[in-house]
Amino acid sequence: MSAAPIVIYGAGGFAREVLALLRDVNRAAADPTWDVLGFLDDAPGRRGASVAGLPVLGGVDALSALAAPPHAVLGVGSPAAKLRMEAALRGRVAGFPTLVHPNAVVSSSVRLGRGAVVTAGNILTVDIQVGDFATLNLACTVGHDCVIGDYATVAPGVNVSGSVTVGTGCDLGTGGAVLQGVRIGDWSVVGAGAVVTRDLPADCTAVGVPAKLIKQREPGWHLAP
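Quick summary incoming for the structure in this document. (Residues numbered from 1 in each chain as written. Predicted model: local features only at pLDDT ≥ 70, side-chain atom pairs only at ≥ 80, totals over all residues. Heavy atoms only, no water.)

## Concerning the overall build of the protein
Then step 1. When its secondary structure is counted, the protein shows two helices and 24 strands.
Then step 2. Here the C-alpha radius of gyration of the protein, 17 Å, is about what a compact globule of 225 residues would show, namely 17 Å.
Then step 3. On the principal axes, the C-alpha backbone points of the protein span a range of 50 × 40 × 25 Å.
Then step 4. Surface accessibility of the protein: about 9900 Å² in total, with carbon and sulfur atoms responsible for 56%. (Helix = DSSP H or I, 4+ residues; strand = E, 2+ residues; numbered from the N terminus. Rg over C-alpha atoms; globule rule 2.2 N^0.38 Å. Areas by Shrake-Rupley, 256 points an atom, 1.4 Å probe, with all protein chains shown as cover.)

Encoded structure:
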């Protein structure tokens, strides 16, 4: 069976990590799963550049030059950027595969959404729902009965206790922790190293130990250009 063509939308640091994940998936399989064609990047002047040995094909319009629509993975961490990028690709690609690094520990009762990315070193225990286009970056732990919302990003080294709800578009900073049963509202940001001990509303920023709300945004703030 031939490898399926795929492009990575984004050409920065996390995009290169996604490329490494795809290559690790290929190495772990009996036959390669993915044929990585290159990167998409909307920045003017990036077309034709080389990133990690692969070409920047151009922006989304570069897809029309390919022989057939490839699969696509979002190679960025920003939840708001993921929302925009998925909308730009919708109907122009073959699909958005769910990607799990071979050394991630994911139990059989975990449900992973379309386009979700689970990188190396993650441990997801039981009865967890991970939404569409959610990102679990390096070495996170997610406990029983958690919900990680669509487009959410959990940065490296975050520990999420059981029965936690992380809302749509949330961004949890590196090295943080969320205690048992806490709910974090949609499109909220939690700073690096913060410990969330109580519920947080939507559209806020919280930092510190314990995490305290320092900013409240208007609903829809993430849609601003």
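Here the narrative resumes, following the displayed structure.
## Brief notes about the side chain of His-101
Then step 1. Residue position: His-101 is located in the loop between strand S6 (99-100) and strand S7 (105-106).
Then step 2. Assessed through its relative accessible area of 10%, His-101 is described here as buried.
Then step 3. A polar contact is formed between the side chain of His-101 and the side chain of Asp-24, at a distance of 2.7 Å.
Then step 4. Side-chain polar atoms of His-101 contact the side chain of Asn-103, separated by 3.1 Å.
Then step 5. Discounting residues that sit within four places of it in the chain, His-101 has contacts with Leu-21, Asp-24, Val-118, Thr-119 and Ala-120. (Buried < 20%, exposed > 50% of the residue type's maximum accessible area, 1.4 Å probe, protein only. Polar contact = N/O pair within 3.5 Å; in protein donor to acceptor, adjacent residues only side chain to side chain. Contact = heavy atoms within 4.5 Å.)

## So, unusual backbone geometry
Then step 1. With omega at -5°, the peptide bond leading from Val-209 into Pro-210 counts as cis.
Then step 2. Locating Pro-210 in the fold gives a position in the loop between strand S23 (204-207) and strand S24 (212-216).
Then step 3. Positive phi is not limited to glycine here, since Tyr-151 has a value of about 65°.
Then step 4. Within the secondary structure, Tyr-151 sits in the loop between strand S14 (147-148) and strand S15 (153-154).
Then step 5. For Asp-203, which is not glycine, the phi torsion reads 60° and is therefore positive.
Then step 6. Looking at the element boundaries, Asp-203 is found in the loop between strand S22 (195-196) and S23.
Then step 7. Note on Asp-203: relative accessible area 10%, which makes it buried.

## Some words on the sheet that holds strand S3 (residues 50-51)
Then step 1. Read across the open sheet, the five strands follow the order S3-S4-S2-S1-S5; overall the sheet is mixed. Of all strands in the sheet, those bounded by a partner on one side alone are S3 and strand S5 (71-74).
Then step 2. Sheet topology places strand S2 (residues 34-40) next to strand S4 (residues 54-58); two bridges connect them, and they run parallel. Residue pairing for S4: Phe-39 is matched across the bridge by Val-56.
Then step 3. Contacting strand S1 (4-9), S2, S3, S4 and S5, helix H1 (residues 13-28) runs over the sheet at an angle of about 175° to S2. (Pairing = 2+ DSSP bridges. Axes fitted to C-alpha atoms, helices over the stretch in contact; angles between N-to-C directions.)

## Quick look at the side chain of Asn-26
Then step 1. By the element assignment, Asn-26 lies in helix H1.
Then step 2. Within the local environment of Asn-26, its side chain forms a polar contact with the backbone nitrogen of Thr-33, the two atoms lying 2.7 Å apart.
Then step 3. In contact with Asn-26, other than residues within four places in its own chain, are Pro-32, Thr-33 and Trp-34.

## Here we look at the sheet that holds S6
Backbone hydrogen bonds are what pair the strands of a sheet, in a parallel or an antiparallel way.
Then step 1. Here eight strands make up an open sheet; going across it, the order is S6-S9-S12-S15-S18-S21-S23-S24 and the pairing mixed. If you trace the sheet from one side to the other, it starts and ends with S6 and S24, each paired once.

## Regarding H1
Then step 1. With 16 residues, H1 extends 23 Å between its outermost C-alpha atoms, agreeing within 8% with the 22 Å of an ideal straight helix rising 1.5 Å per residue.
Then step 2. The set of residues buried in H1 consists of Phe-14, Ala-15, Val-18, Leu-19, Leu-21, Leu-22, Val-25 and Asn-26. The buried residues of H1 all sit within an arc of 155° when viewed along its axis, so they share a single face. Away from the buried face of H1 by more than 90 degrees, exposed residues Arg-27 and Ala-28 are located. (Expected span 1.5 Å × (residues − 1). Arc of directions from axis to C-beta.)

## Side note on the environment of Ala-81
Then step 1. Mapped onto the elements, Ala-81 comes out in helix H2 (residues 79-89).
Then step 2. For the pair Ala-81 and Lys-215, spaced 134 residues apart in sequence, the C-alpha separation works out to 20 Å.

## With respect to the pattern of salt bridges
Note on pairing: side chains with opposite charge can pair once their charged atoms come close.
Then step 1. Tallied over the full model, the rule gives five salt bridges.
Then step 2. The shortest N-O distance in the salt bridge between Arg-27 and Asp-24 comes to 2.3 Å. Of this pair, Arg-27 and Asp-24 both sit in helix H1, three residues apart, which is roughly one turn of that helix.
Then step 3. The partly exposed category is assigned to Asp-24, whose relative accessible area is 22%.
Then step 4. Residue Arg-92 is joined to Asp-61 by a salt bridge in which the shortest nitrogen-to-oxygen separation is 3.5 Å. One end of the pair, Arg-92, is in the loop between H2 and S6; the other, Asp-61, is in the loop between S4 and S5, with 31 residues separating them in the sequence.
Then step 5. In this structure Asp-61 comes out as exposed when scored by relative accessible area, which is 56%. (Salt bridge = Lys/Arg side-chain N within 4 Å of Asp/Glu carboxyl O.)

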